[in-house]
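Each chain, written out:
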Amino acid sequence: GGEGRRYGHRNESRFQDYGYDPRERDWDRGRRRSTPPSSTLMIKGLGLHCTDGMIRSAFGDFANSLTRLSIIREKDTGVGKGFAFADFGSIDLATSFLHNYRMY
């Protein structure tokens with residue numbers, strides 16, 4: 001062995017200066033990360049051929065609150081990757097949508 005500290009994880013030394021500890025990954029423990037509130041929501045579990053119209057229809061009255069809707073698609077085929085980003089323009093509208101539809 002060499003002198004100095006031995007790291008428990010192969011990337012530990014690389015991330016220590018950023019306050020990141022690879023052993024504390026939230027997904028390993030089934031916990032959600034706490035993130036700051038945002039006006040943009042990630043919508044998961046979409047069908048591969050889902051359209052803007054389908055999502056807006058599912059959003060009901062909140063569809064008019066969307067300032068932008070981006071379905072993420074494969075570059076080559078145009079087939080959806082199963083998720084989208086919906087921007088409501090304000091944190092209050094996004095939060096209201098989540099609480100009304102209980103999608104959190």
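Residues numbered from 1 in each chain as written. Predicted model: local features only at pLDDT ≥ 70, side-chain atom pairs only at ≥ 80, totals over all residues. Heavy atoms only, no water.

## Here we look at the sheet that holds strand 2 (residues 68-73)
Alright, step 1. What the 3 strands build is an open sheet, ordered 1-3-2; its pairing is antiparallel. The open sheet terminates on both sides in strands that have one partner only, identified here as strand 1 (40-44) and strand 2. Geometrically, the sheet is characterised by an average inter-axis angle of 20° between neighbouring strands, direction not taken into account. (Pairing = 2+ DSSP bridges. Helix = DSSP H or I, 4+ residues; strand = E, 2+ residues; numbered from the N terminus. Axes fitted to C-alpha atoms, helices over the stretch in contact; angles between N-to-C directions.)

## Here we look at the nonpolar core
Alright, step 1. With 16 residues, the main nonpolar core has Ile55, Phe59, Ala86 and Phe88 as its most contacted residues.
Alright, step 2. Elements supplying a minimum of two residues to this core: strand 1, strand 2, strand 3 (80-87) and helix 3 (91-101). (Core = buried A, V, L, I, M, F, W, Y, C linked by side-chain atoms within 4.5 Å. Buried < 20%, exposed > 50% of the residue type's maximum accessible area, 1.4 Å probe, protein only.)

## Side note on the packing of aromatic side chains
Aromatic ring pairs are reported here in terms of the distance separating the ring centres and the angle at which the planes meet.
Alright, step 1. A complete count under the given rule lists 5 aromatic pairs for this structure.
Alright, step 2. With 5.5 Å between their ring centres and 80° between their planes, phenylalanine 62 and phenylalanine 97 make a pair best called edge-to-face. Placement of phenylalanine 62 in the loop between helix 2 (52-58) and strand 2 and of phenylalanine 97 in helix 3 is noted, with a sequence separation of 35 residues between them. As far as burial versus exposure is concerned, phenylalanine 62 and phenylalanine 97 are alike and both buried.
Alright, step 3. Aromatic side chains phenylalanine 83 and phenylalanine 85 sit 5.9 Å apart centroid to centroid with 90° between the ring planes, which places their arrangement in the edge-to-face category. (Phe/Tyr/Trp six-rings, centres within 6.5 Å; stacked < 30°, edge-to-face > 60°.)

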